[in-house]
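The chain contents come next:
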Amino acid sequence: KIEAGINTLDLEVNSLSAFMFVPKAIINMGYKWIDRFVRTVLLEVNEEGIETGIIAGNGKESPIGLLKDLNGAVVDGVYPDKKAVAITDFGPDSFGKDVLPTLNRNGKRTVDTIVIIANQNEIDTKIYKATHVLSFNGYVKADNYKNFVYVASPDVPENKAIALLPKKYTAGISRMGIDFSDHYKFLEQLRTYIVLTYGNGRLKSNDDAVVLDITNL
């Protein structure tokens, strides 16, 4: 007899906006590439905002980021930071002993691929050195006993990293669009461009990700 249930996540819809002012004179003079440029920049800024929410959002009118503790004490809608687990290597002696039991639920689920998220500098220095060995032909990648996928994000602080199981962060965007108006800054003859996104996100379960302290990696 197999008993199964369906868990639901109640996610409120939050909004993220970014805007830019452009002198109408430039547009009126026929520089149509300005419109394309502004839209491209706004989309890039919008994506950075979404990334910040997924990594470090505190849950108050924002996503609950990977750095936050779902089981921690929530004060005024703000989730606390997860306690980081200190590791000295990505092998069985440190990562395998102190991190994997959380991700594999003490052996109750299989874990193969693990996404490691850190800022680019940490990936290029500490993490690279911890996952490569120096040979006569230069540095070569060591054979890891797990399949690690490395993702760079500037929103992960120095000396920190996140070990995440794939497809365990639930995020949804219900609407995203770019619009403009000539009314807001009418006297200044400025056109206002705005990108507006509605959505939210959080981990499915608190043990789907572990925050790492890689100071001594």
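Residues numbered from 1 in each chain as written. Predicted model: local features only at pLDDT ≥ 70, side-chain atom pairs only at ≥ 80, totals over all residues. Heavy atoms only, no water.

**Topic: the sheet that holds strand E6 (residues 147-152)**
Working step 1: Spatial ordering of the open sheet is given by E2-E10-E7-E3-E6, a layout of five strands whose pairing is mixed. Since the sheet does not close on itself, it has two edges, and those belong to strand E2 (85-86) and E6, each with one partner.
Working step 2: Alignment of strand E3 (residues 113-118) against E6, held across six bridges, turns out to be parallel. Following the sheet pairing, Ile 114 is matched in E6 by Phe 148. (Pairing = 2+ DSSP bridges. Helix = DSSP H or I, 4+ residues; strand = E, 2+ residues; numbered from the N terminus.)

**Details of helix H2 (residues 33-56)**
Working step 1: Under the 1.5 Å per step criterion, the end-to-end length of H2 is 34 Å for 24 residues, consistent within 8% with the ideal 34 Å.
Working step 2: When H2 is considered as a whole, its buried residues turn out to be Ile 34, Val 38, Leu 42, Asn 46, Gly 53 and Ile 55.
Working step 3: Elements in contact with the buried residues of H2: strand E1 (14-23), helix H1 (24-28), E3, strand E7 (160-164), strand E8 (169-185) and strand E9 (190-203). (Expected span 1.5 Å × (residues − 1). Buried < 20%, exposed > 50% of the residue type's maximum accessible area, 1.4 Å probe, protein only. Contact = heavy atoms within 4.5 Å.)

**Focus on the pattern of salt bridges**
One side chain can pair with another of opposite charge once the charged atoms of both are near each other.
Working step 1: Taken as a whole and judged by the stated rule, the model has eleven salt bridges.
Working step 2: Linking Asp 76 and Lys 60 is a salt bridge whose minimum nitrogen-to-oxygen distance equals 2.7 Å. Remark: Lys 60 occurs in the loop between H2 and E2 and Asp 76 occurs in the loop between H2 and E2; sequence separation between them is 16 residues.
Working step 3: On the accessibility criterion, Lys 60 (39% relative accessible area) is partly exposed.
Working step 4: With its nearest N and O atoms 3.0 Å apart, the salt bridge here joins Asp 208 to Arg 109. With Asp 208 in the loop between E9 and strand E10 (209-213) and Arg 109 in the loop between helix H4 (100-103) and E3, this pair connects stretches of sequence that are 99 residues apart. Each member of the pair Asp 208 and Arg 109 is classed as buried.
Working step 5: When salt bridges with common partners are traced through the structure, they connect Arg 105, Arg 109, Asp 207 and Asp 208 into a single cluster. (Salt bridge = Lys/Arg side-chain N within 4 Å of Asp/Glu carboxyl O.)

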